[in-house]
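# Observations on the model geometry
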Amino acid sequence: MQRALSTSLSPRDALLTLAVMVVWGTNFVVIHIGVEHFPPLLFACLRFAFTLLPAVFFLKRPAVPWSNLAAYGLLIGAGQFGLLYIAIKGFITPGLASLVVQSQVFFTILLAAAITRERVQPFQFVGLVLACIGIAVILWHTDGTTTPLGVVLILGAALCWSGGNIVVRGAPGIDMLAYVVWTSLFAVPPLFVLSWFVEGWPAIRDSLTAAPPSAWAAAIWQAVGNVMFGYAVWGWLLSRYTAATVAPTAMLVPVFGMGAAAIWLGEPLPGWKFLAGGLVLAGLCINILWPKFAAIRAARHPPAA
């Protein structure tokens, strides 16, 4: 008999959840360090190569079609992270990137409505409008460190991420760690080919031979920290708690992302960034928390017989 999922995080598991959010949020600063020494597409290729090897020899392939693995690998690898790394290479600050990429929540809702005919609820529309206003605030204040192209690239990354979310829906109940490892098999080749043709072999060769230990540590951390630790713990938490309990904590990612960028990279935090961040996070809160509040209200005030 399957154990009922809990709705309240224990103190230990709350700390584990917080640790995952810290790792995922501060990783935007780590990406910035990596793309200072590696061409962005090559750096993305290294991320998935270190995720794939040697873990693929120890984790069983998920029982899903190869087409599912390929679609996710292409969307998340060449799509989400390829565009994300290009954007952070001089087109947008890491802190704002950590915020704008959360628009994947709204792209996922819209894609689900278009593909599976899921109805967009009024509260989701309100959240989408707030997030769009927040992104408009960012576009209004673009400067030398954050450009319109950077915002567009991050929105493209978020769209690819949402496509990956739709694909993974076709693989329910899987071991997410094994899934991201095996899908990396389809992320590495296209990223390397794109790097070869876009960035060129001399740039690839020179960066691989001249990169300092900090750059290699940043590449390895993409696999060890974000995947091996992050996805493993996240999947374990989702196996013990309801999604409504765990998922809202992901809103801490841009908080740690913007905070880490301010502390370690000196990224300024003017008032308009707080306004934009507040609007986007408010939209996320509405989309993630409203169903939970509605369920609590319905339980307290059941309809009259």
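Right above here is the structure, for reference.
Residues numbered from 1 in each chain as written. Predicted model: local features only at pLDDT ≥ 70, side-chain atom pairs only at ≥ 80, totals over all residues. Heavy atoms only, no water.

This paragraph deals with the packing of aromatic side chains. Counted according to the given criterion, the structure contains 12 aromatic pairs. Considering the side-chain rings of Phe-38 and Trp-216, the 5.2 Å spacing of their centres and the 80 degrees angle between planes classify their relative orientation as edge-to-face. Note that Phe-38 is positioned in the loop between helix H1 (11-35) and helix H2 (40-52) and Trp-216 in helix H11 (residues 213-240), a separation of 178 residues in sequence. For the ring pair Trp-66 and Phe-186, a centre distance of 6.0 Å and an interplane angle of 65 degrees mean the geometry is edge-to-face. Highlighted residues: Trp-66 in helix H3 (residues 66-88) and Phe-186 in the loop between helix H8 (176-183) and helix H9 (188-199), separated in sequence by 120 residues. Since its relative accessible area comes to 22%, Phe-186 is described here as partly exposed. Connected via pairs of aromatic rings, a cluster forms that spans Phe-38, Phe-43, Phe-48, Phe-81, Tyr-85 and Trp-216. Sitting over the ring of Phe-48, Arg-47 keeps its end group 5.3 Å from the ring centre. Between Arg-47 and the ring centre of Phe-81, over which it is positioned, the NZ or CZ distance is 3.8 Å. (Phe/Tyr/Trp six-rings, centres within 6.5 Å; stacked < 30°, edge-to-face > 60°. Helix = DSSP H or I, 4+ residues; strand = E, 2+ residues; numbered from the N terminus. Buried < 20%, exposed > 50% of the residue type's maximum accessible area, 1.4 Å probe, protein only. Lys NZ or Arg CZ within 6 Å of the ring centre and 35° of its normal.)

Attention now goes to the pattern of salt bridges. One pass over the full model with this rule turns up 3 salt bridges. One salt bridge connects Asp-206 with Arg-205, and the closest N-O pair in it is separated by 3.2 Å. The partly exposed category is assigned to Arg-205, whose relative accessible area is 37%. Across the pair Glu-267 and Lys-273 runs a salt bridge, and its minimum N-O distance is 3.1 Å. Judged by its relative accessible area of 5%, Lys-273 falls in the buried class. (Salt bridge = Lys/Arg side-chain N within 4 Å of Asp/Glu carboxyl O.)

With that settled, the discussion passes to the side chain of Gln-104. With respect to the secondary-structure elements, Gln-104 resides in helix H5 (residues 104-115). Of the residues examined, Gln-104 reaches a relative accessible area of 9% and is grouped as buried.

Next up on the list: the packing of H1 against helix H13 (residues 252-264). Two elements in contact, H1 and H13, have axes separated by 7 Å at closest approach and are oriented at 50 degrees. In terms of axis orientation, H1 runs oblique to H13. Relative to H13, H1 is oriented so that their crossing is right-handed. The residues of H13 that touch H1, namely those facing Leu-18, Met-21, Val-22, Trp-24, Gly-25, Thr-26, Phe-28 and Val-29, are Leu-252, Val-253, Phe-256, Gly-257, Ala-260, Ala-261 and Trp-264. (Axes fitted to C-alpha atoms, helices over the stretch in contact; angles between N-to-C directions. Parallel < 35°, antiparallel > 145°, perpendicular 65-115°, else oblique. Left-handed = near helix turned anticlockwise from the far one by under 90°. Contact = heavy atoms within 4.5 Å.)

Between H5 and helix H6 (residues 122-140), whose axes approach to 10 Å, the crossing angle comes to 135 degrees. It follows that H5 is oblique to H6 by the angle criterion. When the axes of H5 and H6 are compared, the crossing they make is left-handed. Along its contact with H5, which presents Phe-106, Ile-109 and Leu-110, the element H6 presents Gln-124, Gly-127, Leu-128 and Ala-131. Its residues assigned to classes, the contact of H5 with H6 shows 5 nonpolar, 2 polar and no charged. (Nonpolar A, V, L, I, M, F, W, Y, C, P; charged D, E, K, R; others polar.)

What follows is about the environment of Trp-216. Residue Trp-216 is classed as partly exposed on the basis of its relative accessible area, which comes to 26%. Residues Trp-216 and Pro-172, spaced 44 residues apart in sequence, show a C-alpha to C-alpha distance of 34 Å. Not counting chain neighbours up to four residues away, the residues in contact with Trp-216 comprise Phe-38, Leu-46, Phe-50, Leu-208 and Ala-211.

A few words now on the nonpolar core. The nonpolar side chains of a soluble globular protein tend to be buried, and buried together. Residues Phe-43, Leu-84, Tyr-85, Ile-138 and Ile-154 are the most contacted members of the largest nonpolar core, which totals 77 residues. Excluding residues that lie within four positions of it along the chain, Tyr-85 makes contacts with Ile-31, Val-35, Pro-40, Phe-43, Ala-44, Arg-47 and Gln-222. (Core = buried A, V, L, I, M, F, W, Y, C linked by side-chain atoms within 4.5 Å.)

Scope: geometric values only; no functional claims are made or implied.
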